[in-house]
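Residues per chain are reported as follows:
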Amino acid sequence: MSKLRFLAYAALASSAMAAQAANVSLTTLNWPPFVGDSLDRGGFINVIVQESLAAAGYTSDVEFTAWQTALDTVKAGEKDAVVGGYYSEARAKDYLYSIPLYTVMVGVIKTPKLDISSYDSFTTLNNYKIGKVEGFVTSEAFDNYAFSQLQVFKEVDQAVAALEAGKIDLYADSLSAAREEAKKQGMDPMDLQILIPPLEEHDLYLLVSKAIPNSEELRNAFNKGLIELQASGRYEEILKEFNQ
């Protein structure tokens, strides 16, 4: 083999090794039981994401922050991907979506202090003070409705504390996440109930920034890694490890 050809092969091999060793910078919010810095390995959704990336040949690290901050830093390309976001058409302009990671039920949540169990329209809900976390997608219809008493919070813990204190009457989120935070704050998590009907069933995704180089390559590699995780049985093992 000529020296020139050898050097070309070596450069290609080095490039391939560098690609395989690339680190993916992740970010997300504290949203137990799904993700959070207080959870084992950052929560089961984070484990699924990081092991899928590892199966695709990437290393990764994750930073937990406010949800809108996570969205903004990834949109700007300051980090590579958001862990565990819902889909919306508006977000699809700035992020590439993976295949689904997990499915979450979202609804309007109350405490026993509020004597209702169901609603027939958003007009009915508009009689109450409703909280949500900044940047959260709940349902298209809910998010587009002009609620007159809507309060927006930076973090889930702030919203749940406001619900318990009576500063808001209702809170729009996953019931599992709200109950997990309630337990953390010393409340009885079973006091929290979701109004009928729920708002929507959402898939969770990895949101890859369109502002980074090779975003499609990263998204596609992640998808292959997740499929491999599912095919090997490791995906189900992770869910069992976290009692999901």
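In this text, all values refer to a predicted model and were calculated from it rather than measured experimentally. (Residues numbered from 1 in each chain as written. Predicted model: local features only at pLDDT ≥ 70, side-chain atom pairs only at ≥ 80, totals over all residues. Heavy atoms only, no water.)

Asker: Tell me about the overall build of the chain, and please be specific about residues and values.
Answerer: In terms of helices and strands, the chain carries 10 helices and 10 strands. Taken across its 244 residues, the chain has 48% of its residues classed as buried. Look at the contacts in the chain between residues 6 or more apart in sequence, and 72% of them connect residues 24 or more apart. For the chain, the exposed surface amounts to about 11900 Å²; the carbon and sulfur share of it is 51%. The positive charge centre, built from 21 side chains, and the negative charge centre, built from 33, are 4 Å apart in the chain. (Helix = DSSP H or I, 4+ residues; strand = E, 2+ residues; numbered from the N terminus. Buried < 20%, exposed > 50% of the residue type's maximum accessible area, 1.4 Å probe, protein only. Contact = heavy atoms within 4.5 Å. Areas by Shrake-Rupley, 256 points an atom, 1.4 Å probe, with all protein chains shown as cover. Lys, Arg positive; Asp, Glu negative; His and termini not counted. Charge placed at Lys NZ, Arg CZ, Asp CG, Glu CD.)

Asker: Describe helix H9 (residues 215-232), naming the residues involved and giving the relevant values.
Answerer: Relative to the 26 Å expected for 18 residues at 1.5 Å per residue, H9 spans 26 Å between its end C-alpha atoms, a close match to the ideal helical length. Of the positions making up H9, those classed as buried are Ser215, Leu218, Arg219, Ala221, Phe222, Asn223, Gly225, Leu226 and Leu229. (Expected span 1.5 Å × (residues − 1).)

Asker: Break down the packing of H9 against helix H10 (residues 234-241) for me, citing the residues and quoting the values.
Answerer: Contact geometry of H9 with H10 gives a least axis separation of 4 Å together with a crossing angle of 75°. Judged on the interaxial angle alone, H10 and H9 are roughly perpendicular. Between H9 and H10, the residues in contact are Leu226, Leu229, Gln230 and Ser232 and Arg234, Tyr235 and Ile238, respectively. The residue makeup of the contact of H9 with H10, split by class, is four nonpolar, two polar and one charged. (Axes fitted to C-alpha atoms, helices over the stretch in contact; angles between N-to-C directions. Parallel < 35°, antiparallel > 145°, perpendicular 65-115°, else oblique. Nonpolar A, V, L, I, M, F, W, Y, C, P; charged D, E, K, R; others polar.)

Asker: Help me get a handle on the packing of aromatic side chains, residues and values and all.
Answerer: For any pair of aromatic rings, the description rests on two quantities: the centre-to-centre distance and the angle between the ring planes. Under the counting rule described, the total for this entry stands at 16 aromatic pairs. For the ring pair Phe44 and Tyr102, a centre distance of 5.0 Å and an interplane angle of 75° mean the geometry is edge-to-face. Of the two residues, Phe44 is situated in helix H2 (residues 44-55) and Tyr102 in strand E5 (residues 102-110); the sequence distance between them amounts to 58 residues. Phe44 sits in the buried class, given a relative accessible area of 0%. The rings of Trp31, Phe34, Phe44, Trp67, Tyr86, Tyr102, Phe136 and Phe242 are connected pair by pair, giving a single aromatic cluster. (Phe/Tyr/Trp six-rings, centres within 6.5 Å; stacked < 30°, edge-to-face > 60°.)

Asker: Could you give an account of the pairing of strand E1 (residues 23-28), with specific residues and numbers?
Answerer: Burial analysis of E1 places five of its six residues in the buried class, the great majority of the element. With six bridges connecting them, E1 and strand E2 (residues 59-64) associate as parallel partners. Each bridged residue has a counterpart across the sheet, and for Asn23 the counterpart in E2 is Thr59. Handedness of the β-α-β unit built from E1, H2 and E2 comes out right-handed. Here E1 runs beside strand E3 (residues 81-85); their pairing, made up of two bridges, is parallel. (Pairing = 2+ DSSP bridges. Right-handed = clockwise from strand over helix to strand, strands pointing away.)

Asker: Can you lay out helix H8 (residues 175-184) for me, pointing to particular residues and giving the numbers?
Answerer: Listed in full, the buried residues belonging to H8 are Leu175, Ala177, Ala178, Arg179, Glu181 and Ala182. Where H8 starts, the residue carrying a side-chain oxygen 3.2 Å from the main-chain nitrogen of Ser176 turns out to be Ser174. Of the residues one or two after H8, Gly186 is the one with positive phi, at around 85°. (Polar contact = N/O pair within 3.5 Å; in protein donor to acceptor, adjacent residues only side chain to side chain.)

Asker: An account of the pattern of salt bridges is requested, with residue identities and associated values reported.
Answerer: Per the stated rule, a full pass over the model turns up 10 salt bridges. With its nearest N and O atoms 2.8 Å apart, the salt bridge here joins Glu51 to Arg234. Residue Glu51 is located in helix H2, and its partner Arg234 is located in helix H10; the two are separated by 183 residues in the primary sequence. Residue classification places Glu51 among the partly exposed positions, given a relative accessible area of 25%. Among the residues examined, Arg234 registers a relative accessible area of 17% and is labelled buried. A salt bridge links Arg234 to Glu241; the shortest N-O distance between them is 2.6 Å. Of the residues examined, Glu241 reaches a relative accessible area of 38% and is grouped as partly exposed. Overlapping salt bridges bring together Asp40, Arg41, Glu51, Arg234, Glu237 and Glu241 as one network. (Salt bridge = Lys/Arg side-chain N within 4 Å of Asp/Glu carboxyl O.)

Asker: Describe unusual backbone geometry, listing the residues and the values that go with them.
Answerer: Glycine aside, residues mostly have negative phi, and peptide bonds are mostly found in the trans state. Here the residue pair Pro32 and Pro33 is connected by a cis peptide bond, since its omega of 5° sits within 30 degrees of zero. If you trace the backbone, Pro33 turns up in the loop between E1 and H2. Going from Ile196 to Pro197, the amide bond is cis rather than trans, its omega being 0°. If you trace the backbone, Pro197 turns up in the loop between strand E9 (193-194) and strand E10 (200-209). Non-glycine residue Asn214 carries a positive phi angle of around 60°. Here Asn214 shows up in the loop between E10 and H9.

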